[in-house]
Every structure is written in C-alpha cells, then in structure tokens.
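Chain by chain, the residues:
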Amino acid sequence: MKRDFSNVGMGTKSLWAGENGLQVKGATQVPIVQSIAFTYDDIDEWQDVALGHKEGHIYSRNTNPTFSSLEEKVRILEGAEAATCFASGMGAISNTIFSLVQPGERIVSVKDTYGGTNQLFREFLPRINIDVALCDTSDGDQIEEEISKGCRMVYLETPTNPTLKVVDIKRMAEAGHRVGALVVTDNTFATPINQKPLLLGSDIVLHSASKFLGGHGDVLGGVVCGPKELVRQIFHYREITGSALDPFAAYLLIRGLKTLQIRVERQNASAMKIARHLEEQSAVASVYYPGLESHPQHEIAKRQMPGGYGGVMSFALKGDFQTVKRFLARLEFAHRAANLGAVETTVGSPATTSHVEVNARDRAAMGIPDALVRYSTGIEDVNDLIADLDQALGALP
Ligand SMILES: *Cc1c(COP(=O)(O)O)cnc(C)c1O
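Residues numbered from 1 in each chain as written. Predicted model: local features only at pLDDT ≥ 70, side-chain atom pairs only at ≥ 80, totals over all residues. Heavy atoms only, no water.

Q: Is there a simple way to think about the overall build of the chain in this case?
A: Along the backbone of the chain there are 15 helices and 12 strands. Here the C-alpha atoms of the chain give a radius of gyration of 23 Å, agreeing with the 21 Å that 2.2 N^0.38 yields for 397 residues. Its C-alpha atoms give the chain principal-axis dimensions of roughly 80 × 50 × 35 Å. Here the chain, with 397 residues, has 50% of them falling under the buried criterion. Roughly 18400 Å² of accessible area belongs to the chain as shown, and the carbon and sulfur atoms make up 53% of that amount. (Helix = DSSP H or I, 4+ residues; strand = E, 2+ residues; numbered from the N terminus. Rg over C-alpha atoms; globule rule 2.2 N^0.38 Å. Buried < 20%, exposed > 50% of the residue type's maximum accessible area, 1.4 Å probe, protein only. Areas by Shrake-Rupley, 256 points an atom, 1.4 Å probe, with all protein chains shown as cover.)

Set out below in structure tokens:
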C-alpha cells in the first residue's frame, strides 16, 4: 500500500515510514518476523486465511513465518509429514501428551525419562486420571509386557539421562501398535543425525531443541514431528494453550541447525574416543556410553543409531560425591551447568542436575551412583579434552 507522509505527524511517521514491503526479497537468510499479527488490506483475503482456506499467517501464537521455517527444517531432517514447534522441550512433551491422551487412558513409559517428563508422569497426569506405568528402562521384556496389557500411548526416550540406557524403539513400536497405541519417542540425546525413530516405527518424534538442535546453549525450544493429523491435533492444543516459540528463538535455532551434522559428527567421534580413554583410567569405576562394547544394550544401539552414539556419556568415579565435587572443580574446559548438547563441553552431576530432587538412597535404587559425572562433549579439540580430564583425575586422592 502506498502511503502519503506529507501531511502526517511525527508520531505517525515514526510508526509507518520505511516499513512498506517488509519482505526483503533476495535476502539469503530467513528473516526474523518479530510481529504478533499480520496485516491484510484485502478483508476477503484476511477472512480466507483466518478460515484456513488460504495459506498465510494471522497471529504468531498460531503461526509465524520464522518458526514455520524452523518446523519445515526439522520436519525434513526427521523425515516426517508435519512438524510443529514450542517454547521449550517440555512444552513439546506436555502438549503432545495432553492433546492425545484422555482422562481414564493409560501410558506406558520408562523410569529413566528426563526429570521434567518424569514429573509430568508422577505429579500432573494422575491428577486427571491418566495412569502411567513406569518400567525398568533396561528390561525390554517388562516394557513389552506392560504395553501388551493395553495403553493409549507408549512414551520412549533413548538414550536416557544420566546413565545412557537404550530402549529398542522398533520392538516397543511393534508392541504398541499391536494394542492400538500411539508411540512417541524423545530423540533429544540422539538427534536425527544419529537416530531416526520414525523409520523404526515410532508415530511421533519430539525434541528439546534447547540441546543439540540449537547447539549453542543460548536458546530454548521444542519440536514435535509426525503424521499430519496427529500434528494438527498437537498444534491445535498449542495454539490455544499458548506455548508458542518466539520468532527470535526460532531464528537462533535455524542458525544452529545449519551446523547440526558437523557438530554431531565431531561430538560422536570425540565422545567415543573419550569414553574409551576413561574406561582405561584407574580412578574411573565405570563408563556409560552406548558406543562401548561394554554397554549392556550396545547391540540395540548399534542397530538403531546408525549415525553414531551421541555426544553425552556418564562415568562413575571411584569415591563419593566429595570426589565428584573435587573433580568437577578442576576441569578447565567444561561448563559446570545443567545443560547439554552445546558446542562447549558441559559437565554436571545428577545430584545437582537431572536428579536434584531425588535423595541419595533413591538415586542408588535407580542405578545412579553417587560419584557419577555426566559429560556432554563439545567441539573442542579432543586431545585437549582428554588432557583436561586426565589432569582432573590425576589430582584425586
Ligand atoms: C532437556 C530435555 C528436555 C526438556 O527440554 P527443555 O527445552 O529444557 O524444556 C526433554 N527431554 C530431554 C531428553 C532433555 O534432555
């Protein structure tokens, strides 16, 4: 629309001048469309878009060009029919569950899901009469048996936090489909570079984009991918309940995703080398990494993670939590933080991160040693990381 600025005030000018045709055609990067709503000069067209008869954007809690671009990128990476994004990984997880499972229905999952997911299962879902059976993560027979009793949803996460247990997605997806359940997989730790849950039979794959997808530890987000009709239901729940992603966050995620493959390939290779090195150190009691032959579910991991085993591992030091504190304090090239999947190496202890609300006795019952360290390998030179780990281990009594 052409506007005449010769007879309008400074206020009007400062609002409208220079913004005509904001679409900068030919820009090489996706624009950050930091706009809540979208304007229409043609009211009929506005109505057509609002009614869904025509493509377009109305309001950014529903859709926005920047986050549509992110959804399309992740959709294609996961090989899905449709995708929708969220303000965080927990937004993606809670919206998926609340939109697809009704009161009175049942979910089968595992004990080792992400802390927030576990809290949903134990605190919030029982309030609305949704029962969740939490199985021993490494006991495939038990999971399959619980599924065979009937359920609306099988909710998987693999590899898990913090002990990197691996669940057989194909086997559990088949078991789920035999009883008519929807199968959902949290693919945050593996990324689509290493593991493709949809190809293994999962109906839905979801991510905390805050970890490897974004990859730089500077932006929260979540994405859900799956068949059109299911994603439409999840999208509809999100557009009403409101955990929409901010356009600037979407831009940062798009930027991070451009280097996903080279980051993850390097993290895979470095983590493998570090895990093997740690296995040989006398100060280390055990190393948990799906790429190691000593890992109890290594054979499953080999089958379902053709791209690699990921950047995250954990290891138990000989000693107790005091030993962990001393060790963590000495590391020079690692953030001591609750994050993972970033370009910088990040370390933490389950006692201060994923399982902070669980007491020492319950952690032991969950198979989480007190002297466990979670290590998310960054893209630093691997020899520097190994030297750093060695000096910190060498200083232990
Ligand atoms: C971090 C994480 C989440 C939660 O994601 P947020 O973006 O922090 O909400 C969910 N699942 C896994 C496996 C995670 O590591």
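Q: Is there a simple way to explain the pairing of strand β3 (residues 131-135) in this structure?
A: Consecutive side chains of a regular strand alternate in pointing toward one face of the sheet and then the other. Relative to β3, strand β2 (residues 106-110) runs parallel, the two being bridged by five bridges. What sits directly across from Arg106, in β3, is Asp131. Of the crossover connections in this fold, the one passing from β2 over helix α5 (residues 115-124) to the parallel β3 is right-handed. (Pairing = 2+ DSSP bridges. Right-handed = clockwise from strand over helix to strand, strands pointing away.)

Q: I keep staring at the sheet that holds strand β7 (residues 222-226) and nothing clicks. Help me out?
A: Paired through backbone hydrogen bonds, the strands of a sheet run either parallel or antiparallel to each other. Read from one edge of the open sheet, seven strands run β1-β7-β6-β5-β4-β2-β3, paired in mixed fashion. Across the chains shown, the open sheet's two edge strands, defined by having one partner strand only, are β1 (82-86) and β3. In this sheet, adjacent strand axes meet at a mean angle of 20 degrees when their direction is disregarded. Bridge count between strand β4 (residues 153-157) and strand β5 (residues 182-186): five bridges; the pairing is parallel. In the sheet register, Glu157 faces β5, and the bridge partner there is Asp186. Across the sheet, helix α9 (residues 228-241) lies against β1, β5, β6 (204-208) and β7, angled at about 20 degrees from β1, the strand it touches most. (Axes fitted to C-alpha atoms, helices over the stretch in contact; angles between N-to-C directions. Contact = heavy atoms within 4.5 Å.)

Q: Sorry if this is basic, but what is going on with the domain arrangement of the chain here?
A: Interfaces are frequently sized by the accessible area removed from exposure as the parts join. Along its sequence, the chain is organised into domain 1 (10-257) and domain 2 (261-394). Here domain 1 and domain 2 have C-alpha centroids that lie 27 Å from each other. Of the residues lining the interface, 32 residues belong to domain 1; the matching set on domain 2 comes to 36 residues. Between domain 1 and domain 2, the buried area comes to about 2700 Å², and carbon and sulfur atoms account for 58% of it. For the interface between domain 1 and domain 2, the tally reads one salt bridge. A salt bridge links Arg303 to Asp168; the nearest nitrogen and oxygen atoms lie 3.4 Å apart. Applying the counting criterion to the domain 1 and domain 2 interface returns 14 residue pairs in polar contact (both at pLDDT 80 or more). Those elements giving two or more residues to the side of domain 1 that touches domain 2 turn out to be α7 (169-178), α8 (191-194) and α10 (247-257). (Domains from an automatic or database assignment. Buried area = accessible area lost by both parts, 1.4 Å probe. Salt bridge = Lys/Arg side-chain N within 4 Å of Asp/Glu carboxyl O. Polar contact = N/O pair within 3.5 Å; in protein donor to acceptor, adjacent residues only side chain to side chain.)

Q: It is not clear to me how the packing of helix α3 (residues 65-78) against α10 should be interpreted in this structure. Could you clarify?
A: Packed helix pairs are specified by the crossing angle of their axes together with the interaxial distance, meaning the distance between the axes. Two elements in contact, α3 and α10, have axes whose closest approach is 8 Å; the angle formed by their N-to-C orientations is 35 degrees. Where α3 crosses over α10, the two elements pack in a sense that is left-handed. Contacts from Thr66, Phe67, Ser69, Leu70, Lys73, Val74 and Leu77 of α3 reach α10 at Pro247, Ala250, Tyr251, Leu253, Ile254 and Leu257. Here the contact of α3 with α10 is composed, by residue class, of 10 nonpolar, two polar and one charged. (Left-handed = near helix turned anticlockwise from the far one by under 90°. Nonpolar A, V, L, I, M, F, W, Y, C, P; charged D, E, K, R; others polar.)

Q: Before we go on, may I ask you to explain the sheet that holds strand β11 (residues 346-348) in this structure?
A: If you walk across this open sheet you meet the five strands as β8-β9-β12-β11-β10, and the pairing is mixed. Whereas interior strands pair on both sides, the edge strands pair on one side only; in this sheet they are β8 (284-288) and β10 (335-336). As defined by bridge partners, β10 adjoins β11 across two bridges and the pair is classed as parallel. Residue pairing across strands places Arg336 opposite Val347, the latter belonging to β11.

Q: Just to check I follow, could you spell out the site of the ligand for this structure?
A: Near the ligand you find 14 residues, and of these Gly89, Met90, Asp186, Ser210 and Lys211 are the closest. At a separation of 2.8 Å, an oxygen atom of the ligand approaches a polar backbone atom of Gly89. Within the contact set of the ligand, an oxygen atom lies 2.7 Å away from a side-chain nitrogen or oxygen of Lys211. Isolated, the ligand exposes 380 Å² of accessible area, and the fraction of that covered by the protein chains is 94%. Take the shell around the ligand: its biggest share by element is three residues, from helix α4 (residues 89-100). Grouping the amino acids of the shell around the ligand by side-chain chemistry returns five nonpolar, six polar and three charged. (Near = heavy atom within 4 Å.)

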